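Structural features, examined
These are the residues of each chain, in order.
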Amino acid sequence: MAFRKKSPRNPPVLSHEFILQNHADLVACVGMFFVLGLMFEGAAEASIVFITLQHSVTFPAAEEPATDLKVLYHYGIRDLATVFFYMLVAIIIHATLQEYVLDKINRRMQFPKAKQSRFNESGQLSAFYLVSCIWGTFILISENCLSDPTLLWEAHYHNVMTFQMKFFYISQLAYWFHAFPELYFQRTKKQDIPRQLVYIGLHLFHIAGAYLLYLNHLGLVLLMMHYFVELLSHICDLFYFSDEKYQKDISLWAIVFILGRLVTLIVSVLAVGFHLAGGQNRNPDAVTGNVNVLAAKIAVLSSSCTIQAYITWNLFNVQLQRWMEEDATLQAPSVKKKRTKGNSSFPIRGSLRIKLSVLVLQTKDRRAMPGKAFFSILSALRDILTCSWSSEEWSKLKT
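A brief report on the enclosed structure follows. (Residues numbered from 1 in each chain as written. Predicted model: local features only at pLDDT ≥ 70, side-chain atom pairs only at ≥ 80, totals over all residues. Heavy atoms only, no water.)

1. Considerations on helix α6 (residues 163-185)
Taking 1.5 Å of rise per residue, 23 residues should cover 33 Å, and α6 covers 32 Å from first to last C-alpha, within 8% of that figure. A179 marks the point of greatest bend in α6, at about 30 degrees, and the proline P181 comes within the next four residues. Downstream of α6 by one or two residues, R187 has phi in the positive range, about 55 degrees. (Helix = DSSP H or I, 4+ residues; strand = E, 2+ residues; numbered from the N terminus. Expected span 1.5 Å × (residues − 1). Bend = angle between axes of the 7 residues up to and from the residue.)

Take a look at the structure:
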């Protein structure tokens, strides 16, 4: 294979810009060390810890002859090595999706820089949520959680999990841990970093909590409902970036969002209540799954309610900010007209007509969002109350 000639635009090796441009290749080289380690006898045992699931136990298979054994898993310290390896895999997949899909769409649609970061974020999360929803639904069906809801708080083995359940949680933890270095690789703006850290931290906290407390089925059901609502949210954002007229159809998603939050709270209360209703254990031990104490009830329910309240509040803030930006965009032409020289009554009359025309159009359009109409009404009333027109100007306005 012929090497490409070094162009003057190529950054120096191991420089800041070089790492940002080639971070996927560098991470792939690190991951290959663990894969190549399987080929050598001395390094195979260490490589297996990173690649395969650890802490397996065997149990007699249900409804099978006594000679058959079923391999189940619990968690342990070696899971950190497995999470690290699949975090590297997540970084490679992230870069591949960005380069071969999202960057091509950005070049074709010619988004401004302000929208590119938001489009990339929505595109990456949409792909992740879609895959997670399909994968999680398959696990729920295969383990009969949909046909037998009692499995959310009852299980034959309360302190172990199946292979597919553990691999799902390991993959989820690996993905959200990979989001931390991606803040650096994707050149995230400083003002957006606190919001991203809170968003990532909340997901890690609740996923790790369900994993460590062996609330596997309950955590999976709640994740599927949360991911489905988030998937609809980012799909709506992608359509909005392609054409702003799709913003009017966001009311249907808002209804789904509110219903998703309510169903999540109901399932959390019922499942945790039934799971911990068998009596209070005096000696809690998270390693053996013995968390049936009042403190566990309060911690699980309060964390579930807190994240639902935070997500709902964050949604309202984002939508209010978007409506105010759109209202400011509508006011921009009228402000320019007021600053023009000449007859002062014409700019005032033109500004008022623009305000009233926008107000009438949004009032007639039943699909328009109530918040946008509300801000338009306030803006029109503000212009009317803050301006004093003479009788001559009112007569001109009537014409």
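2. As for the packing of aromatic side chains
Aromatic ring pairs are described here by two measures, namely the spacing of the ring centres and the angle between the planes. All told, the structure shown has 23 aromatic pairs when counted by the stated rule. Note on F128 and Y175: the rings are 3.7 Å apart at their centroids and 5 degrees apart in plane angle, and the pair reads as stacked. With F128 in helix α5 (residues 113-142) and Y175 in helix α6, this residue pair connects regions lying 47 residues apart in the sequence. Each member of the pair, F128 as well as Y175, carries the same accessibility label: buried. (Phe/Tyr/Trp six-rings, centres within 6.5 Å; stacked < 30°, edge-to-face > 60°. Buried < 20%, exposed > 50% of the residue type's maximum accessible area, 1.4 Å probe, protein only.)

3. A look at the nonpolar core
Residues Y129, Y169, W176, L220 and Y227 are the most contacted members of the largest nonpolar core, which totals 53 residues. Ranked by residues supplied to this core, first place goes to α6 with ten residues. Apart from the residues lying within four places of it in its own chain, the contact partners of L220 are G136, I139, L140, M165, F168 and Y169. (Core = buried A, V, L, I, M, F, W, Y, C linked by side-chain atoms within 4.5 Å. Contact = heavy atoms within 4.5 Å.)

4. Regarding the packing of α5 against helix α7 (residues 193-212)
Contact pair α5 / α7: the axes reach a minimum separation of 15 Å and the direction vectors enclose 5 degrees. With respect to their mutual orientation, α5 and α7 come out roughly parallel. Note on element contacts: α7 touches α5 through R195, Q196, Y199 and H203, opposite E121, L125 and Y129. Partitioned by chemical class, the residues of the contact of α5 with α7 number three nonpolar, two polar and two charged. (Axes fitted to C-alpha atoms, helices over the stretch in contact; angles between N-to-C directions. Parallel < 35°, antiparallel > 145°, perpendicular 65-115°, else oblique. Nonpolar A, V, L, I, M, F, W, Y, C, P; charged D, E, K, R; others polar.)

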